Amino acid sequence: MKQTGYIDAHTHMFPDDVVARWDWYAQQDAWFAELTRETPQSRVREAFSNAEETLALADAAGIETVVMQGWYWRSHDLCKRHNDYMYTLTQRYPGRFVAYGSINPTFGTDAVREVERCYEMGFAGIGELGPGGNLFSLDDPGLLDVLEAAQDLHLPVNFHVGEPVGHQYNGKDLTPIEGFYDLAKRYDKLTFVLAHMGGGLPFYQLREDVAQAFENVYYDLAANPLLYTIRSVRAMVTLVGANRVLFGSDFPLTIYPRINKEANFSLFVEDLVNNAGLSPTELQQIMGGNMRSLLSESGKNRTTFG
Amino acid sequence: MIVDVHTHLLRPDWCVNQPRLAGCDCFDAAALFTKSAAFGAEKIIIQGWPFVDADLCRAQNQLVQQAMETMAQQVGGFCVVCPAMGVSALAEVERCLDAGFVGVGQLDPSGQGFSLDDPWFSQLCDLCETRHVPISFYTSLSVGEPIPGQSTILPADWLRWIEGRHDLQIWLSHYGAGLPFYALMPEVEKHLANVWFDTAPDGVTLAPQAFEGATQCLGGSDHLLWGTNFPCAQSPEPARPLPTQWEDLMV
């Protein structure tokens, strides 16, 4: 493996059973079905990959650590089962796989208990929370309880954030982005990771009041090539600073569908290294340094990544 | 040439009980120009204030017209109407453009209470297209603490409307409600060829990297116009020369 120190902050790993019995899970969960269904017309696909395949692909791209985001299952039981699976990977491959917990905040106290269980299992955060997928608003009482628990346990929270404009695609989340300002103000000790470049929120950080409220906010680049031009990364750095941007791919989603149909990390890594206009220092921060610092401050195992 | 494209000329009595106008400190064109010139402006464009009342709109236009006549080298003007005035709004715009106004605005759909789908507004846009003049709008960066008079029109609303107006010169003030960010999406960028954004601050302090960030989002500064929002704001960004495409229009 190339010695790069890269950390992919946003991937999804699915239990083998989900892949083998996709139809059954799709029947249980319409949102899962919508996001992962393959048809002859599918341009983008969730190219499921098992742990060993994933690590081999990560090695090829120079990625040392793969951060698994949970899935926004509508069933609390499926969230728990997904967390159990991710836990086994963190135990089997310590340091290679790190987990954020699947949580559906609409399950109230059960969701809070699952946050606590994720903490005990050594997870590094919770998310990717999906307001659109799990049908909750940003002022939902269940969500607020979950955030309160995450804040107390030093667990960063990754949110799926959709863009309010642009092309339509399966699973596009149109939750108004304005609400994240209130959340960031309310939970000023909680670290937020707003996925998919925060749906445009970096631009609003030009406002002094927003910048102040977003002192604990990071943005990941998950699925960036499907949504934005590569110059967006340079713009992000100017708007919020290189120390607030995290490399994330949304693996195993095929984010270069015109040239690749299989799970892959290398294409995005190479695009960022060669075409994003980042300095060596900025690359070091975005590709791993920022996430390493975050992991060292997160959850029960904080300092492990120091 | 350095042109401050976003200033306002107001009467003191208009500022009473108007939170957005608190702190306004100059009420004649010479003082307004001097204030902007201290930041580098060689010419100023006075934007009309988006009144709802037809008489106030006409009074605003007369005030700006007087300034244009007495300071022809230093002052250009945009005329304001409320589209709900209907046919009389169209007539007022025709009168103003004949008198030498260089654009229409700034209009404020949420403040003036009209929809982007309003038929009279559509006719007003048609008129601007026919006369080849820009039309400017008040917009707000809508994330954060509420700004007095904040616009409720969001980037998705603007974009939906813009997509049907490829031949109109559209000018969104105050960094266009955040729309420049979405020029990073190819399918959005292709619709912004006829859209410009001004840099005027609006009730909140903007980060020093605002212009550079917007430039990178837009892939260049050709669609950014320097404005101060004087006398309604106190901390403008550093002066920038007018993009070449606008010089014939504004100079």
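Here the structure is shown first, and the text comes after it.
Residues numbered from 1 in each chain as written. Chains lettered and ligands numbered in written order. Predicted model: local features only at pLDDT ≥ 70, side-chain atom pairs only at ≥ 80, totals over all residues. Heavy atoms only, no water.

Inspection of every chain in the model, using the stated rule, returns 25 salt bridges over all chains. Residues Lys185(A) and Glu145(B) are paired through a salt bridge, measuring 2.6 Å at the closest nitrogen-oxygen approach. Placement of the pair is Lys185(A) in helix 9 (residues 179–186) and Glu145(B) in the loop between strand 5 (135–137) and helix 6 (155–162), with the two residues belonging to separate chains. Residue classification places Glu145(B) among the partly exposed positions, given a relative accessible area of 34%. Here Arg131(B) and Asp98(B) are joined by a salt bridge, their closest N and O atoms 2.9 Å apart. (Salt bridge = Lys/Arg side-chain N within 4 Å of Asp/Glu carboxyl O. Helix = DSSP H or I, 4+ residues; strand = E, 2+ residues; numbered from the N terminus. Buried < 20%, exposed > 50% of the residue type's maximum accessible area, 1.4 Å probe, protein only.)

This part takes up the environment of Asp222(B). All names here are of chain B. Its place among the elements puts Asp222 in the loop between helix 8 (210–218) and strand 8 (224–225). Under the relative-accessibility criterion, Asp222 is labelled exposed at 55%. Taking the C-alpha atoms as reference, Asp222 lies 8.3 Å from Trp196; in sequence the two are 26 residues apart.

For the rest of this paragraph, the subject is helix 15 (residues 280–296) of chain A. Helical geometry: 3.6 residues make up each α-helical turn, so side chains three or four residues apart lie on a common side. Residues and elements named next belong to chain A. With 17 residues, helix 15 extends 22 Å between its outermost C-alpha atoms, agreeing within 8% with the 24 Å of an ideal straight helix rising 1.5 Å per residue. At Ile286, helix 15 shows its maximal kink, close to 50 degrees. Those residues of helix 15 that fall on the buried side of the exposure criterion are Glu282, Leu283, Ile286, Met287, Gly288, Gly289, Asn290, Met291, Leu294, Leu295 and Ser296. (Expected span 1.5 Å × (residues − 1). Bend = angle between axes of the 7 residues up to and from the residue.)

Each partner contributes residues to the interface: chain A has 31 residues there, and chain B has 37 residues. Buried area between chain A and chain B, both sides added, is near 2800 Å², and the carbon and sulfur share of it is 66%. Scanning the region where chain A abuts chain B turns up two salt bridges. The interface formed by chain A and chain B contains 19 residue pairs in polar contact (both at pLDDT 80 or more). Elements that contribute at least two residues to the side of chain A that touches chain B include exactly helix 9, helix 10 (201–204), helix 11 (208–213) and helix 13 (231–240) of chain A. (Contact = heavy atoms within 4.5 Å. Buried area = accessible area lost by both parts, 1.4 Å probe. Polar contact = N/O pair within 3.5 Å; in protein donor to acceptor, adjacent residues only side chain to side chain.)

A few words now on the sheet that holds strand 6 (residues 192–194) of chain A. Residues and elements named next belong to chain A. Strand order in the open sheet formed by eight strands is 1-2-3-4-5-6-7-8, with parallel pairing between adjacent strands. Of all the strands in the sheet, just strand 1 (6–11) and strand 8 (245–246) have a single pairing partner and so form its edges. Pairing geometry for strand 4 (residues 125–129) and strand 5 (residues 157–159), over three bridges, is parallel. Bridging across to strand 5, Gly127 finds its partner in Asn158. In the packing of helix 4 (residues 51–61) onto the sheet, the strands contacted are strand 1, strand 2 (63–68) and strand 3 (97–101), and the crossing angle to strand 2 comes to about 135 degrees. (Pairing = 2+ DSSP bridges. Axes fitted to C-alpha atoms, helices over the stretch in contact; angles between N-to-C directions.)

Attention now goes to helix 1 (residues 29–37) of chain B. All names here are of chain B. Those residues of helix 1 not exposed but buried are Ala29, Leu32, Phe33, Lys35 and Ser36. Buried positions in helix 1, seen along its axis, are confined to an arc of 160 degrees and lie on one side of it. Packed against the buried residues of helix 1 are strand 1 (3–7), strand 2 (43–46) and helix 2 (54–70). The distance from a side-chain oxygen at the start of helix 1 to the backbone nitrogen of Ala30 is 3.1 Å, and the residue carrying that oxygen is Asp28. (Arc of directions from axis to C-beta.)

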